[in-house]
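A structural walkthrough
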Amino acid sequence: MRYEEFKETFLEEIQKYYGESVEIVIKPVLKNNSYCYDGLYIFNNIDERIVPIINMNHIYEKYINEKLEIEQCVEQVCQYRDGENSNEYMAEFISKLRK
């Protein structure tokens, strides 16, 4: 599956997981070192504006390299986002994304 199709499908699946209770957006993020990536934002409510930004490019790489199903990618992102993680889980999750 190509990246653009992956993003659309991933967005649909993660919206199904959370339902209408959250706003989910993917938009470009430019880091100070001129690195640009697609950031996934998951807002719990309209007033929430400080949330973790999850790198969709890394999620896609993980999907391709580890031959994961989209549902597995969604599950991992949701675990990370929902705080079902200790510092160890976050470190492991981030290190896997960077591989």
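Our structure is the block above this text.
Residues numbered from 1 in each chain as written. Predicted model: local features only at pLDDT ≥ 70, side-chain atom pairs only at ≥ 80, totals over all residues. Heavy atoms only, no water.

Looking at the pairing of strand β2 (residues 36-43)
Moving residue by residue along a regular strand, the side chains alternate between the two faces of the sheet. Summarising burial for β2: seven of the eight residues are buried, a large majority. Note that strand β1 (residues 23-30) and β2 share eight bridges and pair antiparallel. Note on β2: the bridge partner recorded for I26 is L40. Hairpin connection of β1 to β2: five residues between the antiparallel strands, including S34 at a positive phi of 70°. Taken together, the two bridges between β2 and strand β3 (residues 54-55) define a ladder with antiparallel strand orientation. From the neighbouring strand, L40 faces β3, where its bridge partner is I54. (Buried < 20%, exposed > 50% of the residue type's maximum accessible area, 1.4 Å probe, protein only. Helix = DSSP H or I, 4+ residues; strand = E, 2+ residues; numbered from the N terminus. Pairing = 2+ DSSP bridges.)

Observations concerning the packing of aromatic side chains
Under the defined criterion, the tally for this structure stands at eight aromatic pairs. Note on Y41 and F43: the rings are 6.0 Å apart at their centroids and 15° apart in plane angle, and the pair reads as stacked. In terms of burial, Y41 and F43 fall into one category: buried. Taken together, the ring pairs in this structure connect Y3, F6, F10, Y60 and Y63 into an aromatic cluster. (Phe/Tyr/Trp six-rings, centres within 6.5 Å; stacked < 30°, edge-to-face > 60°.)

Side note on helix α3 (residues 70-81)
End to end, α3 covers 16 Å across 12 residues, agreeing with the expected 16 Å (1.5 Å per residue, within 8%). Of all the positions in α3, only I70, C73, V74, V77, C78, Y80 and R81 are classed as buried. The arc enclosing the buried residues of α3, seen along the axis, measures out at 160°, which places them on a common side. Just beyond α3, the residue with positive phi is G83, at close to 80°. (Expected span 1.5 Å × (residues − 1). Arc of directions from axis to C-beta.)

What to know about the packing of helix α2 (residues 56-65) against α3
Geometrically, a packed helix pair is captured by the angle between its two axes and the distance between the axes. With their axes 10 Å apart at the nearest point, α2 and α3 run at an angle of 135° to one another. One way to sum up the angle between α2 and α3 is to call them oblique. In terms of crossing hand, the pair formed by α2 and α3 is right-handed. Mapping the contact onto sequence places I59, K62 and Y63 in α2 and I70, C73, Q76 and V77 in α3. Each residue belonging to the contact of α2 with α3 can be placed in one class, and the counts come to five nonpolar, one polar and one charged. (Axes fitted to C-alpha atoms, helices over the stretch in contact; angles between N-to-C directions. Parallel < 35°, antiparallel > 145°, perpendicular 65-115°, else oblique. Left-handed = near helix turned anticlockwise from the far one by under 90°. Contact = heavy atoms within 4.5 Å. Nonpolar A, V, L, I, M, F, W, Y, C, P; charged D, E, K, R; others polar.)

Things to note about the pattern of salt bridges
Here the structure, examined in full by the defined rule, presents three salt bridges. Between K7 and E4 there is a salt bridge, and its shortest N-O distance comes to 3.5 Å. Taken together, the residues span about one helical turn, with K7 and E4 both in helix α1 (residues 3-18) at a distance of three residues. The class of K7 is buried, set by a relative accessible area of 14%. Residue class for E4 comes out partly exposed when judged on its relative accessible area of 47%. (Salt bridge = Lys/Arg side-chain N within 4 Å of Asp/Glu carboxyl O.)

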